[in-house]
Amino acid sequence: FVAVVVLQLAEEGRLDLDQPVASILPGLVPDGHSITIRELLGHTSGLFDYLDDEAFVRAVIAHPGRRWPPRRLVSIATAHPLLFRPGHGWSYSNTNYIVLGLVVEALTGTTIGEQLTQRIFTPLRLDHTSYPSGPSIAGAHALGYVGFATLPRLRSLLDVTSVVSQSISWAAGGIVSTGDDVTRFYAALLGGRLLRRS
C-alpha cells in the first residue's frame, strides 16, 4: 500500500525513484545522500531494522501502549551501522518503510494515513481497511501474537492486536484489513487502476 503511494508520487513527478533520501529529508539517515527512494522500496538501502534492536523490543514489551514517533524509530535504526553499502546487498528492514512514510508526508504536507485513505482506501471502497492510530482494532478480528527472536527467553507471546501501539509499525505495517479488501486492492493494482502499466 505504501509503495503504491510512493510510486504514484513518482508518476506525478513529485519525486524521482533514483533521488537520494537526503534531498527530501536532509539529515534523517546517515549516508542519506547515497540511499535512494528505489533502494528503500527494494530493501537494498542497508538500513538496520529497528525491530532488531533489543533495547527497543524490551521497551515495547515493558510499555506496549507507548507511542513511538516515526523519527524516533529511524533514530533507533540509525544508531546501528549500515548493514552494507546502499545498493550492494539486500536485507528486509521495516526502517525503509518508516522512511518512505516520512517521505510521503514531506512531499504532500499531509499524513501517510490521509494519503492512503485518499489514494487507495476510498477510491477502491476498501470499507474494512483502516490505518488506526491507537493500539485497539475496532470490530471483530483475529488476535495476533508475536515472539521476538532477539528475546528467546520471552515466556509468552505478545498480543499485538489489542495491547501494542500501532505506532511501532507505522508505515511499515500499520494497516488493518480483511482478505476481501486486500484481494480488491491487488486486483486494482495488477489491473492498472492504481499505477500506469509500463
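That block above? That's the structure.
The present account deals with the structure reproduced in this document. Just so you know, these numbers come straight off a predicted model, no measurement behind them.

Further remarks concern the overall build of the protein. Counting its regular elements, the protein contains seven helices and two strands. Every one of the 198 residues in the protein was classed for burial, and the buried ones make up 44%. Sequence separation of at least 24 residues holds for 72% of the intrachain contacts in the protein that already meet a minimum separation of 6. Surface summary for the protein: the accessible area is close to 10,100 Å², and the carbon and sulfur share equals 54%.

A full pass over the atoms with the stated rule returns five aromatic pairs. Both rings, one in Tyr 50 and one in Phe 56, keep their centres 5.5 Å apart while their planes meet at 75°; by these two values the pair is edge-to-face. Residue Tyr 50 shares its accessibility class with Phe 56, and that shared class is buried. Members of the aromatic cluster, joined through ring pairs, are Phe 1, Phe 121, Phe 185 and Tyr 186. Positioned above the aromatic ring of Trp 68 is the side chain of Arg 66, whose terminal nitrogen or guanidinium carbon lies 3.7 Å from the ring centre.

Attention now moves to the packing of helix 1 (residues 2-11) against helix 5 (residues 94-108). Direction vectors running N to C along helix 1 and helix 5 enclose 40°, while the axes themselves pass 10 Å from each other. Here helix 1 is positioned oblique relative to helix 5, judged by the angle of their axes. Helix-helix and strand crossings are classified by hand; for helix 1 and helix 5 the assignment is left-handed. Here helix 1 contributes Val 2, Ala 3, Val 5, Val 6 and Leu 9 to the contact with helix 5, which in turn contributes Tyr 97, Leu 100, Val 104, Leu 107 and Thr 108.

Within helix 1, burial applies to Val 2, Val 4, Val 5, Val 6, Gln 8 and Leu 9. Here the buried face of helix 1 lies against helix 2 (37-41), helix 5, helix 6 (112-121) and helix 7 (179-190). Looking one or two residues beyond helix 1, the residue adopting positive phi is Gly 13, at roughly 80°.

Next up on the list: the pattern of salt bridges. Applying the stated criterion across every chain, the model contains five salt bridges. Arg 58 is the partner of Glu 54 in a salt bridge, and the nearest nitrogen-oxygen pair spans 2.8 Å. Within this pair, Glu 54 and its partner Arg 58 are both found in helix 3 (residues 54-62), separated by four residues, close to a single helical turn. Overall, the relative accessible area of 43% leaves Arg 58 in the partly exposed class. Residue Asp 181 is joined to Arg 184 by a salt bridge in which the shortest nitrogen-to-oxygen separation is 2.9 Å. Here Asp 181 pairs with Arg 184, and both are found in helix 7, just three residues apart, close to one helical turn.

Let us look at the side chain of Glu 39. Among the secondary structure elements, Glu 39 is positioned in helix 2. Despite its burial, Glu 39 pairs with no opposite charge; the closest candidate is Arg 38, at 7.9 Å N-O. A polar contact of 2.9 Å, which involves the side chain of Glu 39, links it to the backbone nitrogen of Thr 36. In this structure Glu 39 touches Ser 34, Thr 44, Ser 45, Pro 86 and Gly 87, once residues within four positions along its chain are discounted.

Counting 49 residues, the largest nonpolar core has Ile 37, Val 99 and Ile 120 as the members making the most contacts within it. Contributing elements (two or more residues each) for this core: helix 1, helix 2, helix 3, helix 4 (70-78), helix 5, helix 6 and helix 7. Setting aside its immediate chain neighbours within four residues, Val 99 contacts Val 21, Leu 25, Leu 28, Val 29, Leu 40, Leu 47 and Val 74.

The rules we used
- All chains use their own residue numbering, which begins from 1 and follows the written sequence.
- Residue-level local features of this predicted model are given only where pLDDT is at least 70; pairs of side-chain atoms are given and counted only at 80 or more, and the full residue set underlies all totals for whole chains, interfaces and linings.
- Side-chain calculation: all heavy atoms of the structure are included, whereas hydrogens and water are not.
- Helix numbering and strand numbering both begin at the N terminus, where a helix is a DSSP run of H or I of at least 4 residues and a strand a DSSP run of E of at least 2.
- Three labels apply to residues, based on accessible area from a 1.4 Å probe with only protein chains included: buried if under 20% of the type maximum, exposed if over 50%, partly exposed otherwise in between.
- We call two residues in contact whenever any of their non-hydrogen atoms come within 4.5 Å of each other.
- Under the convention used here, a 1.4 Å probe and the Shrake-Rupley method define accessible areas, while residue burial counts only the protein chains that appear.
- Between rings of Phe, Tyr and Trp, where Trp is taken as its six-membered ring, a pair exists when centres lie within 6.5 Å; planes separated by under 30 degrees are stacked, by over 60 edge-to-face, and by other angles tilted.
- Remark: a charge is flagged as sitting over a ring if the NZ atom of Lys or the CZ atom of Arg is within 6 Å of the ring centre and within 35 degrees of the ring normal.
- The angle between two axes is taken between their N-to-C directions and runs from 0 to 180 degrees, where each axis is a line fitted to C-alpha atoms and a helix contributes only its stretch in contact.
- Our angle categories are set so that under 35 degrees counts as roughly parallel, over 145 as roughly antiparallel, 65 to 115 as roughly perpendicular, and the remainder as oblique.
- Left-handed describes a crossing whose near helix is turned anticlockwise from the far helix by less than a right angle; the clockwise case is right-handed.
- Within this document, salt bridges are pairs made up of a side-chain nitrogen of Lys or Arg and a carboxyl oxygen of Asp or Glu, the two lying within 4 Å of each other.
- The positive count covers Lys and Arg only, the negative count covers Asp and Glu only, and His and the chain ends enter neither.
- Within 3.5 Å is the distance limit for a polar contact, defined as a pair of N or O atoms, with the added protein rule that one can donate a hydrogen and the other accept it, and that residues adjacent in sequence qualify only through two side-chain atoms.
- Each nonpolar core is a collection of buried residues, namely Ala, Val, Leu, Ile, Met, Phe, Trp, Tyr and Cys, held together in the definition by side-chain atoms within 4.5 Å.

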